[in-house]
Each structure stands twice: as C-alpha cells, then as structure tokens.
Amino acid sequence: MQYLSRFSLPTRMDEDNFVLNFPPQLEMQCYGHNNIYPFGLFPPKQLSRIEFAPLTIFAGSNGSGKSTLLNLIAEKLRLRRTSPFNSTPFTEPYIALCRAETTDRRPIPPDSRIITSDDVFDYMLDLRAINAGIDHRRKDLFAEYDDYTDPQKPTFQLNSLEDYEELKRRNAARRSTKSAYTARRMRQTEVKGASNGENAYFYFTQQITENALYLLDEPENSLSPSRQLELARFLEDSVRFYGCQFIISTHSPFLLAMRDALIFDLDSNPVENKPWTELAHIKTYHDFFAAHAEDF
C-alpha cells in the first residue's frame, strides 16, 4: 500500500528568496545566513523532489540528511511522534515551503507515526524502571514472608475487620514456600528475561499495526544481525500483506536488501536511486569481509 506519493523540498530559488528576506529578529539572535539549518542542506545535493514507493529507504553516511528528511516529512504531515523533534527557528518556515502529495488525494491514516531511536531508547529505560520496581517489590515480599513465618514473633491478634486481610496473608505464608507466596503476591507483570535487542524488536512489532504510514529512523540500533533480519522480514510482510508503507533511514545491509526497496543514496551528488549493492558503505562491508575471507 502507498499513502504518500511525493514530497517536494524548497528549491534553490525558494531558499535564495528566504535569505534575501531574512528576518531581522533572527539576525539579532546571532543566526546568520550561514547558520540557517535546514536551509542550505539539500540544494547542494540537487535534491528537490522525492517520489516514494511502498518501501522507501534513505541511505547515506552520518550527516547526509537522512534523519532530517524523515523529521521534515513527519512534521509536514503532522504525524504522531513520542520523542520531540530537535527543531531550529528555521524549521517552521522551511516546512512551510515543503509540499506533500498523497496517493489519490487520500488522507494519511490516523495511526501513522514516526519512530526514532529515542523512542526505542526511552521504551527500554521504562522497562528498566519497571524491573527495578519489581525487584524492590520482590524484596519487600521476601521480608514480609520472613516476618509472617517467624516462630519467634508473637501470635497475630485479629482485633478488627481491618486486620482480616493481613491474617489471610499470614495464613497463606505459613502454607506456602517463600517463592510461591511471593509469586502470588506480585501484582505487576514480570518483564525480565529479554535483552535490550529483544525488547527493541518487540517494540517495533507492537507499535507497527495495519494500514498506516511509518517513518523509521535507523531502526537497526540495538538489534543484532539476526534480529535485523527478523525486522526486515516483518517490514516486508507488513508492506505485502498488511497495507503498510515505510520510509526508513538506515545503514543496515539487512534492511537495505529488502525486497522491492526504493533506495535514495544521499551521499551521491546529485542524489539518485541505487541498488543496495552499489552503496559506498555496503562496498566497505564487502571489502572488509573479502579481506578476511581466509579467517572464515
């Protein structure tokens, strides 16, 4: 499925007109004509219009503009996001000069969103916090069990209805092992046992649903090669069978090799479509393994 068909960036003339009418209030804030990001980033690459496929990938080295493009598209479409976008005073006027065209003029599905590395990182931090709370809760219940089963402690007296729940807990402790008692008393779901990479992969499978547009910024971060392959298969299936469109920035050879991916090489000038095997950083992988072929 395809929802976004075309995205147009400001032309060099658009950018020149902005500079000629540079807001004086920004000049007073120490923003000069040479410091107006994202203006000035894409005209040198001769990139002014992007035609999308159901699966589109931005490839390039650090600083090539991959993440910037994703964020500009997300902001122009007002896509849902979790982590804030690190914008500048020039982001809004730049986005105002951008144009987005949807397929058959259909609206972008409401569940569409951008997922960044910060989103995944925050999710893993949340899991750590939950696990820390579970560990603290478990220690408290261990201490409670020891207290309830201590033969040196005086017999518990039931003085009011408020004591009834505690009496039940004490009786349950005496009839159980410490581990069984603690397991029954735990109220939160146990989330330990998964690595950061596993949790990152699960995050994508939870957040990506059917019939929507998703922008993914370097989703391979925290994923092992085998998990990257799993993610690639999941994304391919989401396009083929579940009505999703993806626009992805990545360095991952496993994602770049996905079936029917339209790849923009942001390191080339002008920016052009290339097979994944012709990208410079893929050739670096190839040369590295070729040089070490005898080690395998």
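Every value quoted in this text rests on a predicted model; they were computed, and no experiment measured them. (Residues numbered from 1 in each chain as written. Predicted model: local features only at pLDDT ≥ 70, side-chain atom pairs only at ≥ 80, totals over all residues. Heavy atoms only, no water.)

A.B. asks: How would you summarise the environment of Arg-113 if you had to cite specific residues and measurements?
C.D. replies: Following the sequence through the fold, Arg-113 ends up in strand β5 (residues 113–115). Once the C-alpha coordinates of Arg-113 and Tyr-214 are considered, the two residues, 101 residues apart in sequence, prove to be 5.3 Å apart. In contact with Arg-113, other than residues within four places in its own chain, are Leu-79, Arg-80, Thr-82, Asp-119, Tyr-203, Gln-207, Leu-213, Tyr-214 and Leu-215. At a separation of 2.5 Å, a polar atom in the side chain of Arg-113 contacts the side chain of Gln-207. (Helix = DSSP H or I, 4+ residues; strand = E, 2+ residues; numbered from the N terminus. Contact = heavy atoms within 4.5 Å. Polar contact = N/O pair within 3.5 Å; in protein donor to acceptor, adjacent residues only side chain to side chain.)

A.B. asks: Now, about the confidence of the model for the chain: what can you tell me, with residues and values included?
C.D. replies: In low-pLDDT regions, the fine details of the predicted coordinates are not to be read closely. Considering every residue of the chain, the mean pLDDT works out to 84; 82% of them sit at 70 or more. A low-confidence stretch, residues 188–193 stays under pLDDT 50, and its non-local contacts, those more than four residues away or across chains, total 14 contacts. (pLDDT = per-residue confidence, 0-100.)

A.B. asks: So what's going on with the sheet that holds strand β2 (residues 49–51)? Residues and values would help.
C.D. replies: The antiparallel open sheet is built from three strands, whose spatial order is β2-β1-β4. Edge positions in the open sheet fall to β2 and β4 (99–102), since each of these has one partner strand only. Neighbour to neighbour, the strand axes of the sheet diverge by 15° on average, direction disregarded. Sitting on the sheet, helix α3 (residues 66–77) is in contact with β1 (4–8), β2 and β4, with an inclination near 110° to β1. (Pairing = 2+ DSSP bridges. Axes fitted to C-alpha atoms, helices over the stretch in contact; angles between N-to-C directions.)

A.B. asks: Residue-level account of the pairing of β1, with values.
C.D. replies: β1 sits mainly inside the fold: four of its five residues count as buried. When β1 meets β4, the two strands line up antiparallel, connected through four bridges. When the sheet's bridge partners are listed, Ser-8 is paired in β4 with Arg-99. As defined by bridge partners, β1 adjoins β2 across three bridges and the pair is classed as antiparallel. Looking across to β2, one finds that Phe-7 is bridged to Ile-50. (Buried < 20%, exposed > 50% of the residue type's maximum accessible area, 1.4 Å probe, protein only.)

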